[in-house]
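Descriptive analysis of the structure
Below are the chains, spelled out letter by letter.
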2 protein chains.
Amino acid sequence: NTPVIIVHGGAWSIPDDQKEASVRGCVNAVKCGSKILLEGGSSLDAVEAAVRVLEDDPVFDAGHGSVLNELGEVEMDAMIMDGSSLRCGAVACISDVANPVSVARAVMEKTHHTLLVGPGATSFAHKHFPVTPKEKLVTDDARAYYEKYRYQSAVSNFFNTTATPTESCGDGDGHGHEHGGVQGHDTVGCVAMDMQGNIACATSTGGITGKMAGRVGDSPLVGCGGYSDNHSGGASSTGHGESITKVVLCRRAVSNLERGLSVQNAAQEALDYMLQRVGGRGGLIMISPTGEVGYAFSTPRMAWASRVGTSDVQCGIDKDE
Amino acid sequence: NTPVIIVHGGAWSIPDDQKEASVRGCVNAVKCGSKILLEGGSSLDAVEAAVRVLEDDPVFDAGHGSVLNELGEVEMDAMIMDGSSLRCGAVACISDVANPVSVARAVMEKTHHTLLVGPGATSFAHKHFPVTPKEKLVTDDARAYYEKYRYQSAVSNFFNTTATPTESCGDGDGHGHEHGGVQGHDTVGCVAMDMQGNIACATSTGGITGKMAGRVGDSPLVGCGGYSDNHSGGASSTGHGESITKVVLCRRAVSNLERGLSVQNAAQEALDYMLQRVGGRGGLIMISPTGEVGYAFSTPRMAWASRVGTSDVQCGIDKDE
């Protein structure tokens, strides 16, 4: 098989001044993962390495650059899945570690379990990886968004204009009172197929600024933030986590491949359904069992990059690219 | 619509001396939920009430009666989902609360989020529900299983006979070295359809004896432990959590209804697929949009009970019933 890889750096209203850095970050990640694939490495190694590059890049809300929750803390989520065996590993609400995707892989390979959360997960992480204190993960931007969020939140509470909690905001912003430039959805992800035809996926996120302590979005949930099955295809998602969870977005997108849709149409149908059924927006990257690669997004922008074999790296961020 | 309700009390090798109590507990839960439906109550109210009855019954591994993790602690998971809107709420790794399913409902109705985990989730729970200390949740049986597990674990480590962590055990027992009477899979769940045709589901569990701190199985994960959509049908699962997660079991079972299978065949296909693809066993209860009710299990036994309208309560635990 010709190795194929695609990454995303989040689907949201990416501001103009972050466009270039977001696309460049995706290109760097694809190059790193592609190198592994072209040397005969596994798709599992490639998606982990690519997501680590994205986690290490402070422009993305994952690993270094993660946003802060309502308490001003970093709580990160990640998953990884091996399409040959459906083995998967995930972590949620972990802190003080640089690369949650590698902890997710350790859950898959070193435990009987598929998901570890909270202090138990952080404790497991520190048995296998160095402690990385919060100070090394939090950027000035993340702190600024947190301060802005708290201010907006105080205002909306004061004037009692917050959207009712049970309503889906439907604008892809996560919170009804968080319009504008809030950095909230640049979850990162990767799907890759190696020379053996094995398809793997990985997704990692810092979540939404001002989220409740303990909140987990779609990213670490198998079927929601990612899904991979050699027989059917692989997908990684980004966008409004609660909406993605309600429709089990990646499983739906992969099911669309099973019933014969092209990757482009499979991704588009799943996103259209999510918008129509629960009012949520997001993005998807996908690879089919025959190596067809594609993406779609219902948000204003999604940073992405891909490479098929040794051809030129493709990348983009706007709808018309 | 004629109201319909079905509950399960876990799919595993239920020992003979727990048969009667398991079935009786399911019948009690169905009666409680059915009463609400026949009085015109919502399916959401019915599944919550039925699962609370199961959580309060110490014979089941959920709420009161939850098993202990590797540290001897109780960490509980639950989810609830409203098929009319796909709204859902879930909690994982919470402690010191009597009814996790009600906390899951509070997440759905009082927050912007769909899943809260760990200390953040427990802290949220205690804002809305009384603190129930561990001593009130843990039964003598749960403690006995914990002691037995630790002993067996020590033996298997000593003789180095533990199954390799990356292998699926495939026997529905959660751990390769835990055969026999270990109480581990009597996760509880309920699916109901009310007079308005709304389908809801709920699932709750204490997990597997000796699980790692922070381990989350399928129960609180949308699409895995439960799924409900008025247009497609509802399902709640039980069994080997890691296997259920890998195949996103309930979403698959509901997708089977979408493509025209009967509830019985939809449940059976999903369980057959799970056994064949990842070597895991479990059980499913389901209701179709037309009110067809059914169940299936690939474990030796599954306790269940159901009621259609005002007809007699049906119940069972063995394959030939």
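Keep in mind the model is a prediction, meaning the values are calculated, not measured. Residue indices follow the written sequence of each chain, beginning from 1 at its first position. Chain letters and ligand numbers both follow the written order, the letters beginning at A and the numbers at 1. Note on the predicted model: pLDDT of at least 70 is required for a residue's local features to be given, and 80 or more for side-chain atom pairs to be given and counted; whole-chain, interface and lining totals, by contrast, use all residues. Only heavy atoms go into the side-chain values, all of them from the structure, while hydrogens and water stay out.

The subject of this paragraph is the overall build of chain A. Along its length, chain A carries 9 helices and 12 strands. The contact criterion used throughout is that any non-hydrogen atoms of two residues lie within 4.5 Å. Long-range pairs, those at least 24 residues apart, make up 69% of the contacts in chain A with a sequence separation of at least 6. Using the Shrake-Rupley algorithm and a 1.4 Å probe, accessible areas are obtained, with residue cover drawn only from the displayed protein chains. When the accessible surface of chain A is totalled, it reaches about 10300 Å², and 49% of it is carbon and sulfur. Only DSSP runs of H or I reaching four residues or more are called helices, and only runs of E reaching two or more are called strands; each is numbered from the N terminus.

Moving on: the packing of helix 2 (residues 43–56) of chain A against helix 3 (residues 100–110) of chain A. All names here are of chain A. Axis definition: a line fit to C-alpha positions, over the contact stretch in the case of helices; interaxial angles, taken between N-to-C directions, run 0 to 180 degrees. One can describe the packing of helix 2 onto helix 3 by two numbers: an axis separation of 8 Å at closest approach and a directional angle of 150 degrees. The pairing of helix 2 with helix 3 is recorded here as roughly antiparallel in orientation. Contacts from Leu-44, Asp-45, Glu-48, Val-51, Arg-52 and Glu-55 of helix 2 reach helix 3 at Pro-100, Val-101, Ser-102, Arg-105, Met-108 and Glu-109. Looking at side-chain class alone, the contact of helix 2 with helix 3 contains 5 nonpolar, 1 polar and 6 charged residues. Roughly parallel here means an angle under 35 degrees, roughly antiparallel means over 145, roughly perpendicular means 65 to 115, and every remaining angle is called oblique. When residues are grouped by polarity, Ala, Val, Leu, Ile, Met, Phe, Trp, Tyr, Cys and Pro land in nonpolar, Asp, Glu, Lys and Arg in charged, and all others, Gly among them, in polar.

This part is about the packing of aromatic side chains. All names here are of chain A. Whether two aromatic rings pair depends on their centres lying within 6.5 Å, for rings of Phe, Tyr and Trp, where Trp uses its six-membered ring; planes under 30 degrees apart make the pair stacked, over 60 edge-to-face, and the rest tilted. Scanning all chains against the criterion turns up 4 aromatic pairs over all chains. When the centroid spacing of 6.2 Å and the interplanar angle of 15 degrees are considered together, the rings of Tyr-295 and Phe-297 count as stacked. With respect to burial, Tyr-295 and Phe-297 carry one shared label: buried. Two conditions define a charge sitting above a ring: the NZ of Lys or the CZ of Arg must be within 6 Å of the ring centre, and it must be within 35 degrees of the ring normal. The cationic tip of Arg-252 hangs over the ring face of Tyr-273; the distance from NZ or CZ to the ring centre is 3.5 Å. Buried residues are those whose accessible area, probed at 1.4 Å on protein chains only, stays under 20% of the maximum for their type, while exposed residues exceed 50% and partly exposed ones sit between those limits.

Residue and element names in this part refer to chain B. Along strand 3 (residues 87–94), 8 of the 8 residues are buried, which leaves the element largely enclosed by surrounding structure. Note that strand 2 (residues 76–82) and strand 3 share 6 bridges and pair antiparallel. The residue of strand 3 that forms the bridge with Met-81 is Cys-88. For two strands to be treated as a pair, DSSP must find at least two bridges joining them. Two successive antiparallel strands, strand 2 and strand 3, enclose a turn made up of 4 residues, where Leu-86 displays a positive phi of approximately 65 degrees. Pairing between strand 3 and strand 4 (residues 115–117): 3 bridges, direction parallel. What sits directly across from Ala-92, in strand 4, is Val-117. Place the viewer so that the strands point away; then a crossover is right-handed whenever the path from the first strand over the helix to the second strand goes clockwise. Remark: the strand 3/helix 3 (residues 100–110)/strand 4 crossover connection has left-handed handedness.

Here the focus is the sheet that holds strand 7 (residues 226–229) of chain A. Residues and elements named next belong to chain A. Pairing in this open sheet of 4 strands is antiparallel, and the strands run 7-8-9-10 from one edge to the other. Unpaired on one side and paired on the other, strand 7 and strand 10 (293–297) mark the two borders of the sheet. The mean inter-strand angle of the sheet, taken between neighbouring strand axes irrespective of direction, is 10 degrees. Sheet topology places strand 9 (residues 282–287) next to strand 10; 5 bridges connect them, and they run antiparallel. Its bridge partner lying in strand 10, Ile-287 is registered against Val-293. The sheet strands contacting helix 8 (residues 249–258) are strand 7, strand 8 (233–239) and strand 9, and the helix crosses strand 8 at an angle near 145 degrees.

This part covers the pattern of salt bridges. Residue and element names in this part refer to chain A. The term salt bridge refers to a side-chain nitrogen of Lys or Arg lying within 4 Å of a carboxyl oxygen of Asp or Glu. Using the criterion set out here, one finds 28 salt bridges over all chains in the structure. Across the pair Glu-48 and Arg-105 runs a salt bridge, and its minimum N-O distance is 2.8 Å. Of this pair, Glu-48 sits in helix 2 while Arg-105 sits in helix 3, and the two are 57 residues apart along the sequence. Lys-134 serves as the salt-bridge partner of Glu-73, at 3.7 Å between the closest nitrogen and oxygen.

Turning next to the relation of the copies chain B and chain A. When chain B is fitted to chain A, the residual RMSD is 0.0 Å, and the transformation amounts to a turn of 180 degrees plus an axial shift of 0.0 Å. Such a turn and shift between the copies fits a two-fold axis. Rotation axis and chain B: the residue whose C-alpha lies nearest the axis is Gly118(B), separated from it by 2.6 Å. The overlap is high: 100% of the interface residues of chain B also sit at the interface in chain A, so the same surface is used on both sides. When the copies are superposed, the least-squares fit draws on C-alpha atoms of residues that have pLDDT of at least 70 in both.

The next thing to look at is the packing of helix 3 of chain A against helix 4 (residues 118–128) of chain A. Residues and elements named next belong to chain A. At their nearest, the axes of helix 3 and helix 4 sit 10 Å apart, and the two run at 85 degrees to each other. With respect to each other, helix 3 and helix 4 are oriented roughly perpendicular. Where helix 3 abuts helix 4, its residues Val-103, Ala-106, Val-107 and Lys-110 lie against Phe-124, Ala-125 and His-128. Residue composition of the contact of helix 3 with helix 4, grouped by class: 5 nonpolar, 1 polar and 1 charged.

Attention now moves to unusual backbone geometry. A positive phi is found at Leu86(A), a non-glycine position, where the angle reads about 65 degrees. Structurally, the position occupied by Leu86(A) is in the loop between strand 2 (76–82) and strand 3 (87–94).

Remember that the coordinates give geometry; whether it matters functionally is a separate question.
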